[in-house]
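Reading the structure
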Amino acid sequence: MEQKKMIVKKSNYIKNFLSTKLGVKFINIIMVNGKKQVAEKIILDTLNLLSEVSSKNPIVIVKSAIKHTKPLIEVRTIRVRGANYQVPVPIFSKRRTSLAVKWLIENSRKKGGKAMKYKLRDELLSASNNQGESIKKKITIHKLAAANRAYTHFRWF
């Protein structure tokens, strides 16, 4: 028996998004057990769902969701004289983007019940509106860094 092939509508801007660094990052983080085509299909379906739900370009929604989710600072644990301190450290832009994408996908996986394309669509829409679990995680990390700002003098790296 022959297998059915996946038929997915691809617009030109969606095809271009999949070949960008951000699109490749999304695919590689969504991918499970090396199934890249399944990850690509999830992203394509998500982008098509975003274009149906919103009047905006879906790629603009994705980029604004990532922009709102990017953390500015993170907390690292450093051991000094037998004591552990949580030291706030600024993050480089590449890691900021990576963390934002990981948080968006991680929080969409935590939601239950629906297919991944719907969960990812909902998380991207809420993050682009400055709401959702990913934004809460960013705010929590920023609050933790603000609480531990007294230990910034331990940052020597």
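Now for a quick tour of the structure. A quick note: this is a predicted structure, and the numbers were derived from the prediction, not measured. (Residues numbered from 1 in each chain as written. Predicted model: local features only at pLDDT ≥ 70, side-chain atom pairs only at ≥ 80, totals over all residues. Heavy atoms only, no water.)

Where empty space is left becomes clear once a probe the size of a water molecule has been rolled over the atoms. As a volume, the largest pocket reaches approximately 250 Å³. At the level of secondary structure, the elements contributing two or more residues to the lining of the largest pocket comprise α2 (21-30) and α5 (93-110). Top contributing element to the lining of the largest pocket by residue count: α2, with five residues. Here the residues of the lining of the largest pocket sort into two nonpolar, three polar and three charged. (1 Å grid on protein atoms, 1.4 Å probe; cavity = no way out; pocket = protein on both sides within 12 Å on 5 of 7 lines; lining within 4 Å. Points joined across faces, edges and corners; volume = space filled by probe spheres on them. Helix = DSSP H or I, 4+ residues; strand = E, 2+ residues; numbered from the N terminus. Nonpolar A, V, L, I, M, F, W, Y, C, P; charged D, E, K, R; others polar.)

Once that is clear, we can look at the environment of Thr 77. When you line up the elements, Thr 77 lands in strand β1 (residues 73-80). For Thr 77, a relative accessible area of 52% translates into the label exposed. Sequence separation between Thr 77 and Pro 88 is eleven residues; the distance between their C-alpha atoms is 8.9 Å. Not counting residues within four places of it along the chain, the set of residues in contact with Thr 77 comprises Asn 84, Tyr 85 and Gln 86. (Buried < 20%, exposed > 50% of the residue type's maximum accessible area, 1.4 Å probe, protein only. Contact = heavy atoms within 4.5 Å.)

Taken together, the side chains of Lys 21, Lys 25, Lys 94 and Lys 102 make up a positively charged region of the molecular surface. Contributions of two or more residues to the positive patch are made by α2 and α5. Look at Lys 94 and you get exposed, because its relative accessible area is 71%. (Patch = residues over 30% accessible without salt bridge, like charges linked within 9 Å, V, L, I, M, F, W, Y side chains within 5 Å. Areas by Shrake-Rupley, 256 points an atom, 1.4 Å probe, with all protein chains shown as cover. Salt bridge = Lys/Arg side-chain N within 4 Å of Asp/Glu carboxyl O. Lys, Arg positive; Asp, Glu negative; His and termini not counted. Charge placed at Lys NZ, Arg CZ, Asp CG, Glu CD.)

Judged by nonpolar contacts, the single largest core of 28 residues is most densely connected at Phe 17 and Phe 26. Contributions of two or more residues to this core are made by α1 (12-19), α2, α3 (36-53), α4 (58-69), α5 and α6 (116-128). Looking at this core, the element that brings in the most residues is α3, giving six residues. Excluding anything up to four places from it in sequence, Phe 17 contacts Leu 22, Gly 23, Phe 26, Ile 43, Leu 47, Ile 59 and Val 62. Grouped together as the second largest cluster of nonpolar side chains are five residues, Ile 78, Val 80, Val 87 and Phe 154 included. (Core = buried A, V, L, I, M, F, W, Y, C linked by side-chain atoms within 4.5 Å.)

Right, let's talk about unusual backbone geometry for a bit. With glycine set apart, most residues show a phi of negative sign, and most peptide bonds adopt trans. Of note, the phi angle at Arg 81 is positive, near 50°, even though the residue is not glycine. Its location among the elements puts Arg 81 in the loop between β1 and β2 (83-90). Its identity as a non-glycine residue notwithstanding, Asn 130 has a phi of 60°, on the positive side. Structurally, Asn 130 can be placed in the loop between α6 and α7 (133-147). Given the relative accessible area of 45%, Asn 130 is considered partly exposed.

Further remarks concern empty space enclosed by the protein. Considering all chains together, one arrives at one cavity of 30 Å³ or more under this definition. The computed volume of the largest cavity comes to approximately 50 Å³. As for the largest cavity, its lining consists of Phe 17, Phe 26, Ile 43, Thr 46, Leu 47, Val 62, Leu 120 and Leu 124. Looking at the lining of the largest cavity, the elements that each hand over two or more residues are α3 and α6. Looking at the lining of the largest cavity, the element that brings in the most residues is α3, giving three residues. Grouping the constituent residues of the lining of the largest cavity by class yields seven nonpolar, one polar and no charged.

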